[in-house]
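Residue-level listing of the chains:
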Amino acid sequence: TTSNSTVIAAANATTASTNATAAVSTNATSSSSTNNTVGLTFTPLGVTHTYPTAGACCQEKFSYLALGLCETSSTSDEEYEGSGEYYVDWGGGRCVQDCAGTPPNTTSTTSTSTPTGICGGIITQSSTRLYTNASTCCATQLSYIDPLLCTTRSNAGGNLEGTFRLYPHSDSGTCIIDHNPADAIICS
């Protein structure tokens, strides 16, 4: 399992505007000393600003990092599991969730079931736009793809089930029913 500070360090390495000390200063224990008699953490000399919350500090000083990642890494020893929100998987023509492993359950606004998306990995950069659901992500970022097709592709198992709608296949000059590719039905 990758630690939060390792994820932040990797994010810092990929950000051109990051100064060399950002990775160290995101880890509170490496940038401060502990008074062993009381267990208090002291602010290191030279710090010019303090913040009332981790969120405020993260937004002001580490705005290039995903806010949830910075907040969790600053306040908890727990591994950051992502926000569960959706972002575009440009290569897959779908939206995936900000998570690693199994996606968190999200309640659909159109049904009582709890559909889940597909984890696309944890977002470390704040420049990646996140959306509360796959439908909004598809409509906003992938509007050139049929909304039903995009949303279906974005849900777990959606590629296997398909939409059962027809789409044009330019290479063969036919219309193909969108469902399990192993059982493709061609209409001419």
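Just above sits the structure.
Residues numbered from 1 in each chain as written. Predicted model: local features only at pLDDT ≥ 70, side-chain atom pairs only at ≥ 80, totals over all residues. Heavy atoms only, no water.

**Considering the sheet that holds strand S5 (residues 119-121)**
- One open sheet accounts for three strands, arranged S3-S4-S5; its pairing is mixed. Only two strands of the sheet have a single partner each, and these edge strands are strand S3 (86-89) and S5. Strand-to-strand twist of the sheet, defined as the mean angle between neighbouring strand axes without regard to direction, takes the value 60°.
- Relative to S5, strand S4 (residues 94-98) is paired through two bridges, and the arrangement is parallel. Following the sheet pairing, Asp98 is matched in S5 by Gly121. (Pairing = 2+ DSSP bridges. Helix = DSSP H or I, 4+ residues; strand = E, 2+ residues; numbered from the N terminus. Axes fitted to C-alpha atoms, helices over the stretch in contact; angles between N-to-C directions.)

**Considerations on helix H6 (residues 147-154)**
- Of all the positions in H6, only Leu149, Cys150, Thr151, Thr152 and Ser154 are classed as buried.
- Its side-chain oxygen 3.2 Å from the backbone nitrogen of Leu148, Asp146 forms the N-cap of H6. (Buried < 20%, exposed > 50% of the residue type's maximum accessible area, 1.4 Å probe, protein only. Polar contact = N/O pair within 3.5 Å; in protein donor to acceptor, adjacent residues only side chain to side chain.)

**Side note on the pattern of salt bridges**
- Per the counting criterion, the structure on display carries one salt bridge.
- A salt bridge links Asp89 to Arg94; the nearest nitrogen and oxygen atoms lie 3.0 Å apart.
- Take Asp89: its relative accessible area is 23%, and that puts it in the partly exposed class.
- What makes Arg94 buried here is its relative accessible area of 18%. (Salt bridge = Lys/Arg side-chain N within 4 Å of Asp/Glu carboxyl O.)

**Focus: the state of the cysteines**
- Tallied over the entire structure, the rule returns four disulfides.
- Through a disulfide, Cys58 is tied to Cys70; the S-S separation comes to 2.1 Å. Taking the sign of the S-S torsion, about -80° here, the bridge from Cys58 to Cys70 comes out left-handed. On the criterion of sequence distance, the pair formed by Cys58 in helix H3 (residues 54-61) and Cys70 in helix H4 (residues 67-75) is long-range, its members being twelve residues apart.
- Between the sulfur of Cys95 and that of Cys137 lies a disulfide, 2.1 Å long from S to S. Measuring the twist about the S-S bond at about -85°, one finds the Cys95-Cys137 disulfide to be left-handed. Within this pair, whereas Cys95 is found in strand S4, its partner Cys137 is found in helix H5 (residues 134-141), the two being separated by 42 residues in sequence. Accessibility classification places Cys95 together with Cys137 in one group, the buried group.
- Numbered by order of appearance in the sequence, the disulfide-linked cysteines of the chain pair as 1-2, 3-6, 4-5, 7-8. (Disulfide = S-S within 2.5 Å.)

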